Amino acid sequence: MTATVRALSNTGNDAIWQAKIDLAAAYRLVHRLGLDDSIYTHISARLPGTHEKFLINPYGMRFDEVKASNLVTVDIEGGVIEDPLGLGINPAGFTIHSAIHSARPDVVCVLHTHTVAGVAVSCQQDGLLPLNQWSMQFTDRIAYHTYEGIALDLDERRRLIADLGDKMVFILRNHGLLTCGRSVAEAFKLMHNLERSCRAQLAIQSAGAAIVPPPAGVPQKAAGQYQKIYDKLEAGNARDIEWEAFKRMLERTDSDYQT
């Protein structure tokens, strides 16, 4: 498979092709886990070796159709540089992504979803609550942005950037969820846990039983523990065995994502 994948890449650059494979894997996993929204929402990734080029999905394709070879390369303004299928991109989708990529050189990947649970929590005044181990990792690590309508206004980018600050997790009010990552793997895993946190919160609230709050200081402690794990992985001081496991799952059912 490796030799075939490299032959199909037509790039001569293993780092770029690997970035495309990882991004395609994220698209397939988001679909596999039921986090996609038809042809809408996006996952973007910075092209290795540059701060001015990015990869994103072709407009009109479902996430389960995305492959490494059909990803579109765009510039920071969303101008198309390479478009294998000639489908272009969704300008509204890239407005949010371009804002973050332009202001945050530390962010390699931006992943945005519109799930029922994520949208529901985005509509709650208190947002995500530190009710369990999944959600405690996000304690004091979430930024919020007020809904301004469909993201077609480029002027909104400066407010998005100001609201996000240095956070890696963003709840877009009345809209959905967004995670940033120093790698595609980090953005995906943050979203996986953020989505589960939202689902758990809605289940807890709908049960109507008395809620057991965590002891004071414990959510902050748990968040710090999680952060150390992410930092260790992103520093290359450990194998990301969870990301490897997710990709093995895809290889059994969606191996064409690598082509």
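Read on for a plain summary of the structure. (Residues numbered from 1 in each chain as written. Predicted model: local features only at pLDDT ≥ 70, side-chain atom pairs only at ≥ 80, totals over all residues. Heavy atoms only, no water.)

### Description of the overall build of the protein
Formally: A helix here means a DSSP run of H or I that spans at least four residues, while a strand means a run of E at least two residues long, and both kinds are numbered starting from the N terminus. For this measure, only C-alpha atoms enter the radius of gyration; the expected value for a globule follows 2.2 Å times N^0.38, where N is the number of residues. We call two residues contacting when some pair of their heavy atoms lies within 4.5 Å. Under the convention used here, a 1.4 Å probe and the Shrake-Rupley method define accessible areas, while residue burial counts only the protein chains that appear. Positive residues here are Lys and Arg, negative ones are Asp and Glu, while His and the chain termini are left out of the count. Charged groups are reduced to one reference atom each: NZ for lysine, CZ for arginine, CG for aspartic acid, CD for glutamic acid.
In terms of helices and strands, the protein carries nine helices and eight strands. Radius of gyration (C-alpha) of the protein: 18 Å, near the 18 Å computed for a compact globule of 259 residues. Projected onto its principal axes, the C-alpha coordinates of the protein cover approximately 60 × 40 × 30 Å. Counting contacts in the protein only where the partners sit at least 6 residues apart, residues at least 24 apart contribute 66% of the total. As displayed, the protein offers around 11,900 Å² of accessible surface, 53% of which is attributable to carbon and sulfur atoms. Placing the 26 positive and 30 negative side-chain charges of the protein at their respective mean positions leaves the two points 6 Å apart.

### What to know about the sheet that holds strand β4 (residues 80-82)
Spelled out, the test is: For two strands to count as paired, DSSP must find a minimum of two bridges between them. Interaxial angles span 0 to 180 degrees and are taken between N-to-C directions of axes, which are lines fitted to C-alpha atoms, for helices over the stretch in contact.
Across the sheet, which stays open at both edges, the eight strands sit in the order β4-β3-β2-β1-β5-β8-β7-β6 with mixed pairing between neighbours. On the outer flanks of this sheet lie β4 and β6 (142-145), each paired with one strand and no other. Each strand of the sheet is rotated relative to its neighbour by a mean of 25°, with strand direction disregarded. Set on the sheet, helix α2 (residues 14-32) makes contact with β1 (43-46), β2 (53-56), β4 and β5 (109-113); between it and β1 the angle comes to about 165°. Helix α6 (residues 156-164) rests against β6, β7 (169-172) and β8 (176-181) of the sheet, and its axis sits at about 150° to β6.

### A word on the packing of helix α7 (residues 184-207) against helix α9 (residues 241-253)
In plain terms, the rule: In these notes the angle categories are as follows: under 35 degrees is roughly parallel, over 145 is roughly antiparallel, 65 to 115 is roughly perpendicular, and the rest is oblique. Residues are grouped as follows: nonpolar covers Ala, Val, Leu, Ile, Met, Phe, Trp, Tyr, Cys and Pro; charged covers Asp, Glu, Lys and Arg; every other residue, Gly included, is treated as polar.
Where α7 contacts α9, the two axes come as close as 10 Å, and the packing angle between them is 85°. Relative to α9, α7 is oriented roughly perpendicular. Across from Val-184, Ala-185, Phe-188, Lys-189 and His-192 in α7, the residues of α9 making contact are Glu-242, Trp-243 and Phe-246. When the residues that make up the contact of α7 with α9 are grouped by side-chain class, the tally is five nonpolar, one polar and two charged.

### Focus on the packing of aromatic side chains
Aromatic ring pairs are defined here through the distance separating the ring centres and the angle between the ring planes. Worth spelling out the cut-off: By convention, a stacked pair of Phe, Tyr or Trp rings (six-membered ring in the case of Trp) has centres within 6.5 Å and planes under 30 degrees apart, an edge-to-face pair has planes over 60 apart, and any other such pair is tilted. For each residue, the accessible area found with a 1.4 Å probe, counting protein chains only, is set against the maximum for its type, and the residue is called buried under 20%, exposed over 50%, and partly exposed in between.
Scanning all chains against the criterion turns up four aromatic pairs. Taken together, a centroid distance of 6.3 Å and an interplanar angle of 55° make the contact between Phe-54 and Phe-94 tilted. One end of the pair, Phe-54, is in strand β2; the other, Phe-94, is in helix α3 (residues 91-103), with 40 residues separating them in the sequence. When its relative accessible area of 2% is taken as the criterion, Phe-94 is described as buried.

### A few points about the environment of Ser-183
For Ser-183, the position within the fold is in the loop between β8 and α7. Through-space distance from the C-alpha of Ser-183 to that of Asp-106 is 9.5 Å; in sequence the pair is 77 residues apart.

### What about unusual backbone geometry?
Here Thr-41, not a glycine, exhibits a phi torsion of approximately 70°, which is positive. Along the chain, the position of Thr-41 falls in the loop between α2 and β1. The backbone phi angle of Asp-140 is positive, close to 60°, even though this residue is not glycine. Residue position: Asp-140 is located in the loop between α5 (133-136) and β6.

### Examining the pattern of salt bridges
What counts here: What counts as a salt bridge is simple: a side-chain nitrogen of Lys or Arg found within 4 Å of a carboxyl oxygen of Asp or Glu.
What the rule picks out here adds up to 15 salt bridges. With its nearest N and O atoms 3.0 Å apart, the salt bridge here joins Arg-62 to Asp-64. In this structure, the salt-bridge partner of Glu-65 is Arg-62, at a minimum N-O distance of 3.7 Å. Residue Glu-65 is classed as partly exposed on the basis of its relative accessible area of 27%. We classify Arg-62 as partly exposed; its relative accessible area is 42%. Here the salt bridges share partners, and the residues they tie into one network are Glu-148, Asp-155, Arg-158 and Arg-159.

### Here's the deal with the pairing of β8
Among the six residues of β8, six are classified as buried, and the element is accordingly described as predominantly covered. Side chains Gly-176, Leu-178 and Cys-180 of β8 all project onto a buried face; the interleaved residues Leu-177, Thr-179 and Gly-181 project onto the opposite face, where all are buried too. Where β5 and β8 come together, five bridges link them in antiparallel fashion. Residue Cys-109 lies in a different strand from β8, and its bridge partner there is Gly-181.

### Observations concerning α3
Test applied: Between the first and last residue of a helix there are one fewer steps than residues, each counted as 1.5 Å, and that sum is the expected span. By definition, a residue's bend is the angle between the axes fitted to the seven residues ending there and the seven starting there.
Over its 13 residues, α3 extends 18 Å from the first C-alpha to the last, a length consistent with the 18 Å expected when each residue adds 1.5 Å. Maximal helix bending in α3 amounts to about 25°, located at His-97. Of all 13 residues that make up α3, 10 are buried, and the element is covered over most of its length. Residues Ala-92, Gly-93, Phe-94, Thr-95, Ile-96, His-97, Ser-98, Ala-99, Ile-100 and His-101 constitute the buried set of α3.

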